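# Coordinate inspection notes
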Amino acid sequence: MRSWIAIIAAVLTFHFSTAKAQKLQSRPVYFDQLSAIHGLSSYSITDITQDHLGFIWIATLNGVNCFDGYTSVTFNTNVEAPFMIPSNRVSHLAEDEENYLWMFDDFKKKLFKLSPSRTKVDTVALPSSNIRHMLRDKQKGIWLFADDTAYKWNNNKKAFEQQHLLASIKQQTGISPAPNWLSDKWALAMLLRDFTDKQQTGDRALAIHKTVSPILTALQQHLVTKGISKPLRLTDVLKLDDATYWISTHDLGIFVMEKKEAKSGWVAHNIAVKQLRHLPGIDHSLASDNITSLFKDADGAVWVGNIDKGINLYNPGRHMFRRVTHMPHKNYWSEIGTVRAIAEDKDANLWIGTQEKGVVVLDKNYKYKLALQKELPSSIIRSIYEDSSGKVWIGHYEGLSCYDPRTGKVTNGFLEQYRHLSPYFRVYEIREDAEQNLWISFWFFLIKYNPRTGLSEHINLNKDLPPSISKLHLRCFDFTDDGTLWIGTENYGLLRYDTKKNKTTKVQLATQGPEGADPYTNILKLSFTNDNKLLLATSTGLCLYDPKTQKATYPKRKDKLNYQRTYAALEDKSKGIWVSTVNGMWYYHPQQDSIRFFDHSDGLSSNEFTTNGLLRRRDGTIVFGCNKGIVYFKPEQLRFNHNKPKVLLASNGWYTNNFAPIELEASQKSLKLQAKVISYEAPEKSRLAYRLKGWEENWHNLNAEAPTIFYENVPDGSYTLEIKGYREGQEQQASLLNIPLTKNPPVWKKSWFLLSLFTLSLGIAWVVYKRRINWIERDKELQIRNYESELKLLKSQISPHFLFNTLNNIYSLCILEPDKAGVMVMNLSKMLRYMLYECQDDQVPLAKELAFLEYYVYMQQEKGQQNNNISFNIKGKVEQQTIVPLLLINFLENSFKHSDLSINPHGYIKVEVEITDNQIMFQTKNTYSEQVLESMWQAGGIGIENARKRLQLFYPNKHELHLLKTNNLYTVQLIIWCS
């Protein structure tokens, strides 16, 4: 026998000898599948591992995929991929003690590792060109194996060191292991799984070689028994628990090797063998029989990689419920479909009535036993009941049939004499009373039937009801111990029928329901609790009715069960109520007022259940019918303590579980964190909640696929950011993170700043005081200069020569044009009045200053200047602006004084004033000759200099003055910014 057979045999024997003494039962195995819809880059899987953060890493023939429970991120050579690695074909994965993820391509012989941040790739030189496998030991040491040599990574030296593993084994055991040991990856993995030093490895090899494997014997016997002649090519071995090992093969799927009785030891006759294979058409079976790898994650889930169908995932915490969805039919498995009726006979066989395939009978272990379809007039079954004699009565859409287990025959055609009472000859419920009479409800009527005598009676339920109720739509009924018949109808709620008095009574369940209507009119199914209270599943919720107190109650959690269509309800031993609905299953405990929700993600074969399909078996097992077969479970065996989801936060392009305190500066207006919730049991039920403790009490709840934590305008202070990941409905079992968070106040609120501000304020006060003194002195100087400037302006502007010329012009106009002479006298009077009386203040209205300039221009025009070549334009609103008086006259006077209008017929003077809300622009343009320009600089310098000084005094840093001469054109532009 090959050496690897001995290896696996000894290891399995070693582990199973430690199992606890207990009776072990085979558990059903249901697989989920990961494929391209989850982002896998290839269906060909070569290896699987899990990193320290909880991410599942999947090596394929087209890159490596990082899976978080929802979708995958691909690492490959594609430049468009989020992350690049040197090779697409990765055959081995392992994470070392420093959280580097090692990847090995055994085809191209490439070895590289991803940094813990998963953002950097380093290539590592191989110690040999014959490397075939890369593995990790228990201490996360990285090993490489060639044909006859092993190498281990020395993290201190950053190099691989040769390990004489085979020579050590031979020296310690005296046995020469075959070289093909190192050709089987799974055998090497088992050798390294629990032991790392040479002495332990040698002891383990000795145990392997000296032990004969009972498990392989049992496996070979199983193959012979099943007639499987294919060679057994093992690909991986996985220890599931102390009593179970999984063995994967190339083309025979997976073999589950489980001990029957732990205390009997690990021997061949104490081994149960179960084969897991791909079953076409059956959900949750293996996607392929060609298995390449097995991996058990930190939560106990098993990841199964195959060569062409992606990944199967077995998660015991996800598949809490057992189910039967198919039955054998010739050479294939046929779906059972929708289940409408369930019953248990005296031999613990389970009778299942379906919507389209008649009756299916399962034995007590839920194995297929019998099917009745052609034997019945209709394949649509609505009720099944075993009477006290052992006969099974079947109600369907064509009446009533009976199956006799002693003869194995079906008898049809019962109660045909009542077919005329209803257009629908459908049987909905069957029960037996204390006198062994059968009570059968049809759609519109109720029949009492004695199977022994063949006598029957039509029970008139309408005689005691209002005449408006002409036809009752009967759905369900059952007896209490006192013989009272309780009937659920579709159109009249709950009825109480006294079989002794033959009297029908309408039961009032609620005084008011939605929009004032009775919410429990349509009763789909009724059952009894252990203390004889009625559980009513209705189209508008669950109702509990106590016949003793005649009171009806309903769950207080109205948002969950009230006003939601419920199909059936059963009470378990702990007085909890299991309710099937149109959208999954609920577990409701009335005393605790607690509700837990279950759906397809918990292992239900369907979220949509059916009416009348329920049963509590004698051993306490609860069975519900749905549109995909049946779901069954023992409530006390359900595991509600699921693994807590793991919460991660984004950091530097990847995720981390090391959460440093968060500090927000005063300028940061918001906080945004990208989170990740890792859970593979039921990721669609994972939730994330967060709150900033110290600022708020309520939690923000998010779906866990891509949650973003966001805050805006966080007040200054110290807080705790609480983040919890949990499974929906199980917040008390959440994983909680507490991250200190500080929002720093603005600088002006800090103590050192206040002290500095106080010191600075004293300094500023001193500076302000000194500047105030300087301003007073400067103001005095300004007044003096301004007065002097005004005097100089008066002297320069109103010279005797000017007055003489003006008066001569006025005299001439008095003779020739008396009207104009009067205007000139008036304008001169206004100019003198403005200069002498209205220019005493620091500021004058801009409108008056501009009017003064206009008078001046008019006077100059009347002196004989070329009127058509002089323009004075004002743009903007002048009413709201003020200006230092007599500031602009210097520039205007110079433009006339030094222009060439007298000698140049094309000469001109243009004056433009433009006013905006915050600016005054004054501009003059005049033509000149070189002779005039020379005199301008000699005679006009004093006025311009005075204007500059006044501008510096009155408009410091609030003005611009530009003097420009180009091509016999002189331009003055003054811009003043107004406050």
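As recorded in an unreviewed UniProt entry, the protein chain goes by Two-component regulator propeller domain-containing protein and comes from Pontibacter rugosus.

### Examining the overall build of the protein chain
Counting secondary structure elements, the protein chain contains 12 helices and 67 strands. Residues counted as buried form 52% of the 979 residues belonging to the protein chain. Relative to all contacts within the protein chain whose residues are 6 or more apart in sequence, the contacts with residues 24 or more apart total 55%. Of the roughly 46,700 Å² of accessible surface on the protein chain, 50% is carried by carbon and sulfur atoms.

### Regarding the pattern of salt bridges
The full count for this structure, using the stated rule, is 31 salt bridges. Here Asp32 and Arg318 are joined by a salt bridge, their closest N and O atoms 2.8 Å apart. With Asp32 in strand β1 (residues 31-34) and Arg318 in the loop between β21 (311-314) and β22 (322-324), this pair connects stretches of sequence that are 286 residues apart. Here the two residues Asp32 and Arg318 agree in accessibility, since each one is buried. For Glu344, the salt bridge identified is with Arg617, shortest N-O distance 3.1 Å. Taken as a pair, Glu344 in strand β25 (residues 339-344) and Arg617 in the loop between β49 (609-616) and β50 (622-626) lie far apart in primary sequence, 273 residues in all. Owing to a relative accessible area of 5%, Arg617 belongs among the buried residues under this scheme. Put simply, Asp599, Asp602, Glu681, Lys685 and Arg727 are held in one network by salt bridges that share partners.

### Considerations on unusual backbone geometry
Its identity as a non-glycine residue notwithstanding, Asn957 has a phi of 60°, on the positive side. When you line up the elements, Asn957 lands in the loop between α12 (941-954) and β66 (959-966). Taking the relative accessible area as the measure of exposure, Asn957 reaches 79% and is therefore exposed. Its identity as a non-glycine residue notwithstanding, Asn968 has a phi of 60°, on the positive side. Position of Asn968 among the secondary structure elements: in the loop between β66 and β67 (969-977).

### Concerning the packing of helix α8 (residues 818-837) against helix α9 (residues 846-862)
Put simply, α8 and α9 touch, their axes get as near as 10 Å, and they point 140° apart. Taken together, the axis directions place α8 and α9 in an arrangement best described as oblique. At the point where α8 passes α9, the crossing takes the left-handed sense. Packed against α8, whose contacting residues are Lys820, Val823, Met824, Asn827, Leu828, Lys830, Met831, Tyr834 and Met835, the element α9 presents Lys848, Glu849, Phe852, Tyr855, Tyr856, Tyr858, Met859 and Glu862 at the interface. A breakdown of the residues in the contact of α8 with α9 according to their chemical character gives 11 nonpolar, one polar and five charged.

### Some remarks on the sheet that holds strand β40 (residues 503-507)
Taken in spatial order, the four strands line up as β37-β38-β39-β40 in an open sheet, and their pairing is antiparallel. In this open sheet, the two edge strands, each paired with only one partner strand, are β37 (474-479) and β40. In this sheet, neighbouring strand axes are inclined to one another by 25° on average, regardless of whether the strands run parallel or antiparallel. Looking at chain direction, strand β38 (residues 485-489) and strand β39 (residues 494-498) are connected through four bridges and run antiparallel. Paired with Trp486 across the two strands is Arg496, which belongs to β39.

### A look at α8
Owing to its 3.6 residues per turn, the α-helix brings residues three or four apart onto one side. Helix length check: α8 (20 residues) gives 28 Å between terminal C-alpha atoms against 28 Å at 1.5 Å per residue, within 8%. Of the residues making up α8, those classed as buried are Ala821, Met824, Asn827, Leu828, Met831, Tyr834 and Met835. Angularly, the buried residues of α8 cover 155° about the axis, an arc narrow enough to put them on a single face. Exposed and oriented more than 90 degrees from the buried face of α8 are Pro818, Asp819 and Tyr837.

### Some words on the packing of aromatic side chains
One pass over the full model with this rule turns up 41 aromatic pairs. Joined through ring pairs, the aromatic side chains of Phe55, Trp57, Phe75, Trp654 and Tyr655 make up one cluster.

### Quick word on helix α10 (residues 889-897)
The element α10 is extensively covered by neighbouring structure, given that eight of its nine residues are classed as buried. Turning to α10, its buried residues are Ile889, Asn890, Phe891, Leu892, Glu893, Asn894, Ser895 and Phe896.

Thresholds, definitions, all that
- Residues numbered from 1 in each chain as written.
- Predicted model: local features only at pLDDT ≥ 70, side-chain atom pairs only at ≥ 80, totals over all residues.
- Heavy atoms only, no water.
- Helix = DSSP H or I, 4+ residues; strand = E, 2+ residues; numbered from the N terminus.
- Buried < 20%, exposed > 50% of the residue type's maximum accessible area, 1.4 Å probe, protein only.
- Contact = heavy atoms within 4.5 Å.
- Areas by Shrake-Rupley, 256 points an atom, 1.4 Å probe, with all protein chains shown as cover.
- Salt bridge = Lys/Arg side-chain N within 4 Å of Asp/Glu carboxyl O.
- Axes fitted to C-alpha atoms, helices over the stretch in contact; angles between N-to-C directions.
- Parallel < 35°, antiparallel > 145°, perpendicular 65-115°, else oblique.
- Left-handed = near helix turned anticlockwise from the far one by under 90°.
- Nonpolar A, V, L, I, M, F, W, Y, C, P; charged D, E, K, R; others polar.
- Pairing = 2+ DSSP bridges.
- Expected span 1.5 Å × (residues − 1).
- Arc of directions from axis to C-beta.
- Phe/Tyr/Trp six-rings, centres within 6.5 Å; stacked < 30°, edge-to-face > 60°.

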